[in-house]
Amino acid sequence: MSATLMIDGVEVLVPIDEHKPPEHMPAPRLTTLEGKVLGFLGNTKENLEELFDVIQGELSHRYALKDVIRRQKRHYAMRAPVALLEELSHTCDAVIVGVGS
Amino acid sequence: MQTPETLGQAVRRINAAFYERGWTDGLPIVPPTPDGVREMLAATGRGGEELIAEIPPNMGRATVEKIAVNALMAGCLPDDMPVILAAVKALAEERVGIQAIQGTTDVHAPLLIVNGPIARQLDINSGPNCFGQGWRANATIGRAIRLIMLNLGGGAPGKIDKSTFGHPGKYTYCVAENEEASPWEPLHVERGFQAADSAVTIFPCEAPHQISDHYNRSAIGIMRTICDAIATVGTTPLYRAGEALLVISPEHAEAFRSDGWRKRDVKMHVFEHARVPVGRMKYQGDWDASVATFTPRWVDLDDPHARMPILRQPDDLLVIVAGARAGRFSLFMPGWGFPTGSATVKIER
């Protein structure tokens, strides 16, 4: 049975999904990008890859990155496939996710 | 025991509490009391914990009970529940792409098109003013879907829902097809269901755009007007591909019946003739690098005289007949574009 509220003596059911989603803890933060594999995941919208180019250039200048992996979703309105997310999580030490427009 | 005064006060306070929590569309709701929700559930013959779908983007669990709560809030009656359950199932189909619709800056909202005997049984309007006010079933069934998208999907305006304008269909957007006035097979039969089945189609689309043609008495003449009206730079599918809906009035439909046009002929004509020269669509509207992705191989984007079809294939056009018997109009509602679209689900009683 859904959770309920009492308002002015009237019991009503709650219309939202009151079950808390599992807590998503962020991954431990890196202290440096030296020797790390850096991933980029773009949403295919305009200007994002150019922005990623600038960020990649700046970070490559500051740190000796072991590798850079650039990936895109198939379409900005579609969820990233699980296989793509798993690839990035298994191969990268950090991933920058961007939303262009 | 409550007096009329305290009952009224309770209803007002419940409405205020729900509104403050962001659980409404701004209009008053029917308080979802346990007895009311039990009545809604009883009409389904299903357990309240049965999961129908998870609604993006929050992936809230649309159990039969949660659907009943939101449907009761919307003002639905127990007999409406089979339509709403089927609509929720259709809403969550991947090809509808509802996560895109929930967060878009575009105006689009899911339209429910109901076919089959249930439309008459529930008095879902397919005739006069069918996209407007006045019919309880149209108003409340469409509204139930909106509340479900809000309360279970998280599509709160200004937060997840980033629509620049919205449109009035985001309060409710539900019609029945006028199968009696149509010279063709209904939409659900076209999609493989039996005529005796009832079904609901979900199609995220814009508000209706009226196309007026009181001059032409021939089908070809009406089609010329329709194609001229929709082949514009501002039409969403021109740049983003995807589906669109043409709603033909009974008066216009009579011309198609007289001239022996099939539904396929309408779709082919729109595909062939509703086109925009590449030179006109380039560097305006929604022109960007992604246009090439949705361009058929036989359209040369380097040729300004090449003509881009509004619809990339004839079957991207949904065609139904609806509306009153008087009025020589048709309606055009573009979809959001790839990867969203329509889905049709059978209504189980």
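Preceding this section is the structure that the text describes.
Rules and cut-offs
- Residues numbered from 1 in each chain as written.
- Chains lettered and ligands numbered in written order.
- Predicted model: local features only at pLDDT ≥ 70, side-chain atom pairs only at ≥ 80, totals over all residues.
- Core = buried A, V, L, I, M, F, W, Y, C linked by C-beta atoms within 7 Å.
- Buried ≥ 20, exposed ≤ 12 C-beta atoms within 10 Å, placed from the backbone.
- Contact = placed C-beta atoms within 7 Å.
- Helix = DSSP H or I, 4+ residues; strand = E, 2+ residues; numbered from the N terminus.
- Expected span 1.5 Å × (residues − 1).
- Pairing = 2+ DSSP bridges.
- Axes fitted to C-alpha atoms, helices over the stretch in contact; angles between N-to-C directions.

Asks: Please explain the nonpolar core as it appears in this structure.
Replies: In summary, soluble globular proteins display a tendency toward joint burial of nonpolar side chains. B:Ile84, B:Ala87, B:Val88, B:Leu112 and B:Val200 are the most contacted members of the largest nonpolar core, which totals 108 residues. Apart from residues lying up to four places away in sequence, B:Val200 is in contact with B:Val83, B:Ala86, B:Ala87, B:Ala90, B:Leu112, B:Ile113, B:Val114, B:Val345 and B:Ile347.

Asks: What should I look at first to understand the interface of chain B and chain A in this one?
Replies: When the parts of a complex come together, some accessible area is lost, and that lost area is often used as the size of the interface. Counting from both sides, the interface comprises 30 residues of chain B and, opposite them, 18 residues of chain A. Looking at the side of chain B that touches chain A, the elements with two or more residues in it are helix H1 (4-20), helix H2 (34-42), strand S2 (60-63), helix H3 (64-74), helix H5 (98-103) and helix H7 (136-151) of chain B.

Asks: Please clarify how H7(B) should be interpreted in this entry.
Replies: For an α-helix, the turn length of 3.6 residues means that residues three or four places apart are oriented alike. Its 16 residues give H7(B) an end-to-end C-alpha distance of 22 Å, which sits within 8% of 22 Å, the value for a rise of 1.5 Å per residue. Along H7(B), 15 of the 16 residues are buried, which leaves the element largely enclosed by surrounding structure.

Asks: Explanation requested: unusual backbone geometry in the structure shown.
Replies: With the exception of glycine, the majority of residues adopt a negative phi angle, and the majority of peptide bonds are in the trans configuration. Residues and elements named next belong to chain B. Along the chain, proline 56 connects to proline 57 via a cis peptide bond; the corresponding omega equals 0°. Its location among the elements puts proline 57 in the loop between strand S1 (51-55) and S2. The omega torsion of the bond from phenylalanine 338 to proline 339 falls at 5°, within 30 degrees of zero and hence cis. Considering the arrangement of structural elements, one finds proline 339 in the loop between strand S11 (329-334) and strand S12 (343-346). You will see that alanine 241, though not glycine, has its phi angle at about 60°, which is positive. In the Ramachandran plot, tyrosine 283 falls in the positive-phi region, its phi being about 60° despite a non-glycine side chain.

Asks: How should the sheet that holds strand S10 (residues 317-321) of chain B be read in this particular structure?
Replies: Pairing between the strands of a sheet is mediated by backbone hydrogen bonds and can be parallel or antiparallel. Residues and elements named next belong to chain B. Pairing in this open sheet of 4 strands is mixed, and the strands run S6-S11-S7-S10 from one edge to the other. Of all the strands in the sheet, the pair left with one neighbour each is strand S6 (209-212) and S10. If you compare each strand with its neighbour and ignore which way they point, the axes differ by 25° on average. The sheet contact formed by strand S7 (residues 244-248) and S11 spans 5 bridges and is antiparallel. The partner of alanine 244 across the bridge, within S11, is proline 334.

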